[in-house]
Amino acid sequence: MLKNRKIYIWYLILAFYLIVALFPVYWMLLTSFKSFREVYLPIPSFFPKSFEWINYINIFTKYGFGEALKNSILVSLIVATISTFVSFLSAYSITRLRFPLRKQISYGMIITYLIPSTILFIPMYIIVSKVGIGDNIWRLIAIYPTIVIPYAVWVMISYFQTLQIDMEEAARVDGATRWQIIWKIVFPVTLPIIASTFIFCFTLCWSEYIYALVMINTKSQHTLVLALSNIVVADIIPWGPLMAGAAISALPVMMIYLFASKYIIGGLSLGSVKG
Amino acid sequence: MSVTPKIKVRKLKHSLLNKEDRNLLLFILIPVVIYIFGVQGINFLWAAILSLTSETTIRGIGDFIGFKNYINLFKDSIYQETMLFTLIYVIGTIIPKLLLGLLMALTLNKPLKGQNIYRSLLFLPWALPTFTSALTWRWMFSDIGGVVNYLLMKVGFIDYPIGWLGTITLARISVITVNIWRGVPFFGITILAALQSISNNLYEAAEIDGATEWKSFWYITLPSIKSVVILVSIVSAIWTIGDFSLIWLMTRGGPINATHVFSTYSYIEAFHNLNIGKGIAINLSIVPFLIVFITLSMRYIFSSEN
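## A look at the overall build of chain A
Scanning chain A for helices and strands turns up 12 helices and 0 strands. Mapped in sequence order, the helices and strands of chain A form the string α-α-α-α-α-α-α-α-α-α-α-α. Each principal axis of the C-alpha atoms in chain A carries an extent, and together these give about 75 × 70 × 30 Å. Within chain A, the fraction of its 275 residues that count as buried is 46%. Taking all contacts inside chain A whose residues are at least 6 apart in sequence as the whole, residues at least 24 apart take part in 78%.

## A word on the overall build of chain B
A tally of regular secondary structure across chain B gives 13 helices and 2 strands. On the principal axes, the C-alpha backbone points of chain B span a range of 75 × 70 × 30 Å. Each of the 306 residues in chain B was classed as buried or not, and the buried ones make up 40%. Considering only contacts in chain B between residues 6 or more positions apart, those separated by 24 or more positions represent 66%.

## Brief notes about the packing of helix H2 (residues 68-75) of chain B against helix H12 (residues 276-284) of chain B
All names here are of chain B. Viewed as axis vectors pointing N to C, H2 and H12 meet at an angle of 70°, and their least axial separation amounts to 9 Å. Classed by the angle they form, the pair H2 and H12 counts as roughly perpendicular. Contacts between H2 and H12 involve Asn 69, Tyr 70 and Leu 73 from the first element and Gly 277, Lys 278, Ala 281 and Ile 282 from the second. Each residue belonging to the contact of H2 with H12 can be placed in one class, and the counts come to 4 nonpolar, 2 polar and 1 charged.

## Points about the packing of helix H4 (residues 115-127) of chain B against helix H7 (residues 168-196) of chain B
Residues and elements named next belong to chain B. The N-to-C vectors of H4 and H7 enclose an angle of 125°; their axes lie 7 Å apart at closest approach. Looking at the two axes, H4 sits oblique to H7. The interaxial crossing formed by H4 with H7 has left-handed handedness. Across the interface between the two elements, Leu 122, Phe 123, Pro 125 and Trp 126 of H4 pack against Trp 181, Arg 182, Pro 185, Phe 186, Gly 188 and Ile 189 of H7. Class assignment of the residues belonging to the contact of H4 with H7 gives a composition of 8 nonpolar, 1 polar and 1 charged.

## Regarding unusual backbone geometry
Residues and elements named next belong to chain B. The residue after Gly 254, namely Pro 255, is reached through a cis peptide bond having omega -10°. Among the secondary structure elements, Pro 255 is positioned in the loop between helix H10 (245-250) and helix H11 (262-272). With a phi angle near 50°, Ile 256 is a residue other than glycine that sits in the positive phi range. As for its placement among the helices and strands, Ile 256 is situated in the loop between H10 and H11. On the basis of neighbour counts, which here come to 12 C-beta atoms within 10 Å, the residue Ile 256 falls in the exposed class. With a phi close to 55°, Leu 274 is a non-glycine residue in the positive phi region. By the secondary structure assignment, Leu 274 is in the loop between H11 and H12.

## Digging into the nonpolar core
Across soluble globular proteins, nonpolar side chains have a tendency to be buried as a group. In terms of nonpolar packing, the biggest core is built from 148 residues, with A:Val148, A:Cys201, A:Cys205, B:Ile191 and B:Met250 touching the most fellow members. Among the elements that make up this core, the one with the highest residue count is helix H7 (residues 138-162) of chain A (13 residues). Looking at this core, you find at least three residues from each of domain 1 (19-50) and domain 2 (71-303) of chain B. Not counting residues up to four positions away in its chain, the partners in contact with A:Cys201 are A:Val79, A:Ala80, A:Ser83, A:Thr84, A:Val148 and A:Ala152.

## Brief notes about the environment of B:Gly183
Residues and elements named next belong to chain B. Considering the arrangement of structural elements, one finds Gly 183 in helix H7. The spatial distance from the C-alpha of Gly 183 to the C-alpha of Ile 94 is 8.7 Å, given a sequence separation of 89 residues. Once residues within four sequence positions are removed from consideration, Gly 183 is found in contact with Thr 93, Lys 97 and Ser 236.

## A few points about H7(A)
All names here are of chain A. The first and last C-alpha atoms of H7 sit 37 Å apart over 25 residues, in line with the 36 Å expected at 1.5 Å per residue. A maximum bend of about 35° is found in H7 at Val 148, where proline Pro 150 lies one to four positions downstream. A large share of H7 lies buried, amounting to 18 of its 25 residues.

## Here we look at the confidence of the model for chain A
Residues shown with low pLDDT carry predicted positions that ought not to be read at fine detail. Here chain A shows a mean pLDDT of 86. Residues at 70 or above account for 92%. Element-level pLDDT for chain A is lowest in helix H12 (residues 239-272) of chain A, with a mean of 77, against a maximum mean of 93 in helix H4 (residues 65-96) of chain A.

## Description of the confidence of the model for chain B
Residues and elements named next belong to chain B. Averaged over chain B, the pLDDT score is 86; the fraction of residues at 70 or greater is 93%. Low confidence marks residues 8-13, where pLDDT is under 50. Its contacts with residues over four positions away, or in another chain, come to 6 contacts. The ipTM for the predicted assembly is 0.89, set against a pTM of 0.88.

## Description of the environment of B:Ile286
Residue and element names in this part refer to chain B. Counting through the fold element by element, Ile 286 comes out in the loop between H12 and helix H13 (287-303). Owing to 21 C-beta atoms within 10 Å, Ile 286 belongs among the buried residues under this scheme. With 45 residues separating them in the primary sequence, Ile 286 and Ile 241 have C-alpha atoms 8.9 Å apart. Ignoring anything within four residues of it in the chain, the contact list for Ile 286 reads Ile 241 and Phe 262.

## Overview of H7(B)
With 29 residues, H7(B) ought to run about 42 Å at 1.5 Å a step, and its terminal C-alpha atoms sit 42 Å apart, in line with that. Helix geometry: H7(B) is bent most strongly at B:Gly183, by close to 35°, with proline B:Pro185 lying one to four residues after it.

Criteria and cut-off values
Residues numbered from 1 in each chain as written. Chains lettered and ligands numbered in written order. Predicted model: local features only at pLDDT ≥ 70, side-chain atom pairs only at ≥ 80, totals over all residues. Helix = DSSP H or I, 4+ residues; strand = E, 2+ residues; numbered from the N terminus. Buried ≥ 20, exposed ≤ 12 C-beta atoms within 10 Å, placed from the backbone. Contact = placed C-beta atoms within 7 Å. Axes fitted to C-alpha atoms, helices over the stretch in contact; angles between N-to-C directions. Parallel < 35°, antiparallel > 145°, perpendicular 65-115°, else oblique. Nonpolar A, V, L, I, M, F, W, Y, C, P; charged D, E, K, R; others polar. Left-handed = near helix turned anticlockwise from the far one by under 90°. Core = buried A, V, L, I, M, F, W, Y, C linked by C-beta atoms within 7 Å. Domains from an automatic or database assignment. Expected span 1.5 Å × (residues − 1). Bend = angle between axes of the 7 residues up to and from the residue. pLDDT = per-residue confidence, 0-100.

What follows is the structure in structure tokens.
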């Protein structure tokens, strides 16, 4: 049948996309395992001649990566946890409860989300230093929720609008309190969305650059992004350790991928497409 | 819709506030709203005020000079270059991302074996942290030891290694390439979701009427995904205008200011040249465009809701 032959074209296209998408990732990992000499071979090797861990060791000992890693983990975990929790309850309130200015608040959330955070980094920096938070990661922990919460609230509002209210009604008739309704009925059902929102919030904080660059000047408080970009200053860039650092930075995402890629993709579709 | 009994059950859709609900609002929603809108609001106001000054540093506000900062921007050649490149950057990335994303969505929509694995794998460029991708590609584009040059020479496209990040045109192409590489999965997955919501009945009816595959693509598929495509493009455009990490980590806005976008130029003005008023003015100068884009996207967000 003609249909059978035609399907091969699509497999071909798919293969092309896969190669282009994955090759850089492969190259990053490949480089991270090469020795210094092998990295700069005139004819690059597409498979390591010798498998070296030296880059991963150096990135911690020579370039002080450990602290940056710790800082990034702290910031991202704290902000993602608080933001997801608070956004879940806020979005629920906006969709289920009736109070004045409801619509305006949800419109405001979308608008705030759409405004690029890179517009306001200068006044934000001034405010943060005037308010008196020291030159440490707490500046970021205080600021990142303004970037992350609008997105989380918007995604959850979209979700709650499509969530059937029957079960909550039934529970209310049975005499349940609002708190019980939220945690015993709504929360379990929303869990996949909460998971993907948490992942997205975490990734946003993990890779945020300009605020971290502007607000943190003490080296020991740097996040991963800053630590890596600091390596890229001299003329001869140590690509081996740099790629090792990049690979470690990609680790959380990779791990989440192994276990829950459908959450990441699912959350994305929900936030952008309605219905 | 379930059949409701004749007994009157009070609709819970918008429940009247009882004490518990009021607490929920008071202790969670209102603080959040105050925090988010308050911080952003103060930021905007403060930024607007500071942009009307000169000689402002972190230590203190400078002299009030009215709109001079903005007026001077129009004469500033680097600013003009920034506007130009931002335009090139947005258009040069959105169109390929759209086309390649559409093709990707169409491919994933076909009955191929191992669908889910492919979807996850193809999504990886978008999921990776931006700085990881930027640094990896910078390495790949490197003129010493970079694999892009090696592959191009092997295939015969070029005769000697070229400095991808060293000249104006090439640096722009490189940055655009990485942006496209990162962004295609976002378009692809979103369009795929829209494709999958098109009812099969439409295609079957068209086939019965004798339509070719190309015709049903043009008259059924494309119109059905139109609003999603527009929304995704607008949102992507907004993000691209506000991009910082990718540009900064690959070229720092160079060479010779060729790849500056608003955030990178404003960063240099405010923190290297210590001209905070001008830096903020650069950022705020795109607010009119943002208003247009955001209004458009609001329209499409709420139209596709119906």
